[in-house]
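# Fold and contact review
Each chain, written out:
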Amino acid sequence: MPVPPSAPRVDRGLAALALLPLLIGAAPISRLDVGIDHIRSAKGLIRVCLTNDPDNFPSCVDDARAITRSIPAGQHSLALPGLPHGNYAVAVIHDENSNSKLDTFAGIPREGFGFSRNPAIAFGPPRFTAARFTIDSDAEAQQIRMRYIL
């Protein structure tokens with residue numbers, strides 16, 4: 001017996017209806033667009049760390065849920081999709097010699113750095129609360145200004 005042409009549509013409709021409970025309980029997700037200004041050269045890499053853990057900001061070293069990305073220094077933006085709504089902070093370094101760390105001299109950064117919300121910098125990095133922002137819509141943007149001391 002031949003299958004009527006309308007049968008595949010019914011199957012697709014039932015499949016979509018079966019997925020509805022999963023979609024209703026799903027956590028909302030967003031995209032974060034990070035822009036980076038005042039990069040002094042196109043040498044090396046820009047290393048970006050996004051975390052929601054105040055104890056692991058700004059390094060993200062012990063944060064298994066942190067998102068870290070490296071992009072060429074000539075690229076001044078990055079999109080991070082699929083983020084659950086919540087509070088986050090971003091730390092950025094300009095790793096000019098591509099050695100995977102922020103080089104210092106006598107404790108003073110020799111390479112560029114920046115943070116979400118561009119907080120004032122005194123001695124050492126800002127606290128998580130100074131760089132914290134909330135993602136609660138489909139898309140959020142942070143424009144980070146790089147700073148160079150030496």
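First, a word on what this report is: a plain description of the structure on this page. (Residues numbered from 1 in each chain as written. Predicted model: local features only at pLDDT ≥ 70, side-chain atom pairs only at ≥ 80, totals over all residues. Heavy atoms only, no water.)

### Points about the overall build of the chain
As a reminder, the rule being used: What counts as a helix is a DSSP run of H or I of at least four residues, what counts as a strand is a run of E of at least two, and both are numbered from the N terminus. Whether a residue is buried, partly exposed or exposed follows from its accessible area with a 1.4 Å probe, protein chains only, as a fraction of its type maximum: under 20%, in between, or over 50%, in that order. Residues are treated as being in contact if the distance between any of their heavy atoms lies within 4.5 Å.
On a plain count of helices and strands, the chain comes out with two helices and ten strands. Helices (α) and strands (β) of the chain occur, in sequence order from the N terminus, as α-β-β-β-β-β-β-β-β-α-β-β. A burial count over the chain gives 34% of its 150 residues as buried. In the chain, of all internal contacts separated by at least 6 residues, the share reaching a separation of at least 24 is 72%.

### Looking at the side chain of His94
Definition in use: Between N or O atoms, a polar contact is any pair within 3.5 Å; within protein, one atom must be a potential hydrogen donor and the other a potential acceptor, and residues adjacent in sequence are included only when both atoms are from side chains.
For His94, the position within the fold is in strand 5 (residues 86-95). Assessed through its relative accessible area of 0%, His94 is described here as buried. A distance of 2.8 Å separates a polar atom in the side chain of His94 from the backbone oxygen of Lys43. At 2.6 Å, the side chain of His94 and the side chain of Tyr148 are in polar contact. Ignoring sequence-local partners within four residues, the contact set of His94 consists of Ile39, Ser41, Lys43, Leu45, Ile46, Ala73, Glu111, Gly112, Met146 and Tyr148.

### Notes on unusual backbone geometry
Note the cis peptide between Phe57 and Pro58, where omega equals 5°. Tracing the chain through its elements places Pro58 in the loop between strand 2 (45-51) and strand 3 (67-72). Positioned with a positive phi, Cys60 is a non-glycine residue whose angle comes to about 65°. You can see Cys60 is positioned in the loop between strand 2 and strand 3. Take Cys60: its relative accessible area is 6%, and that puts it in the buried class. We note that Ser100 has phi near 65°; this positive angle belongs to a residue other than glycine.

### Section: the layout of surface pockets
Applicable threshold: Detection works on a 1 Å grid of protein atoms alone, calling trapped sets that fit a 1.4 Å probe cavities and calling open sets with protein on both sides within 12 Å along at least five of seven lines pockets, with lining residues defined by an atom within 4 Å of a point. Grid points are joined across faces, edges and corners, and a volume is the space filled by probe spheres set on the points. Residues are grouped as follows: Ala, Val, Leu, Ile, Met, Phe, Trp, Tyr, Cys and Pro are nonpolar; Asp, Glu, Lys and Arg are charged; every other residue, Gly included, is polar.
A volume near 620 Å³ is recorded for the largest pocket. Lining the largest pocket are 26 residues, with Pro58, Ile93, Leu102, Phe113 and Phe115 sitting closest to its centre. Elements with a minimum of two residues in the lining of the largest pocket: strand 2, strand 3, strand 5, strand 7 (108-109) and strand 8 (112-115). Split into classes, the residues belonging to the lining of the largest pocket amount to 17 nonpolar, seven polar and two charged.

### Concerning the sheet that holds strand 10 (residues 139-145)
Quick note on the threshold: For two strands to pair, DSSP has to find at least two bridges joining them. For helices, the fitted axis covers only the stretch in contact; all axes are lines through C-alpha atoms, and the angles between them, taken along N-to-C directions, range from 0 to 180 degrees.
Ordered in space as 4-1-10, the three strands form an open sheet in which the pairing is mixed. The open sheet has two edge strands, strand 4 (77-84) and strand 10, and neither has a second partner. Ignoring strand direction, the axes of neighbouring strands in this sheet form an average angle of 20°. Summarising the sheet, strand 1 (residues 29-37) and strand 10 pair through seven bridges and their orientation is parallel. Bridging across to strand 10, Asp33 finds its partner in Ala141.

### A few points about the pattern of salt bridges
Counted only if it meets this: Here, a salt bridge means any side-chain nitrogen of Lys or Arg that lies within 4 Å of a carboxyl oxygen of Asp or Glu.
As enumerated under the stated definition, the model contains three salt bridges in all. For Glu96, the salt bridge identified is with Arg40, shortest N-O distance 2.9 Å. Taken together, the residues Glu96 in the loop between strand 5 and strand 6 (104-105) and Arg40 in the loop between strand 1 and strand 2 connect sequence positions 56 residues apart. With its nearest N and O atoms 2.8 Å apart, the salt bridge here joins Asp95 to Arg47. Remark: Arg47 occurs in strand 2 and Asp95 occurs in strand 5; sequence separation between them is 48 residues. Taken individually, Asp95 and Arg47 each receive the classification buried, so the pair is uniform in this respect.

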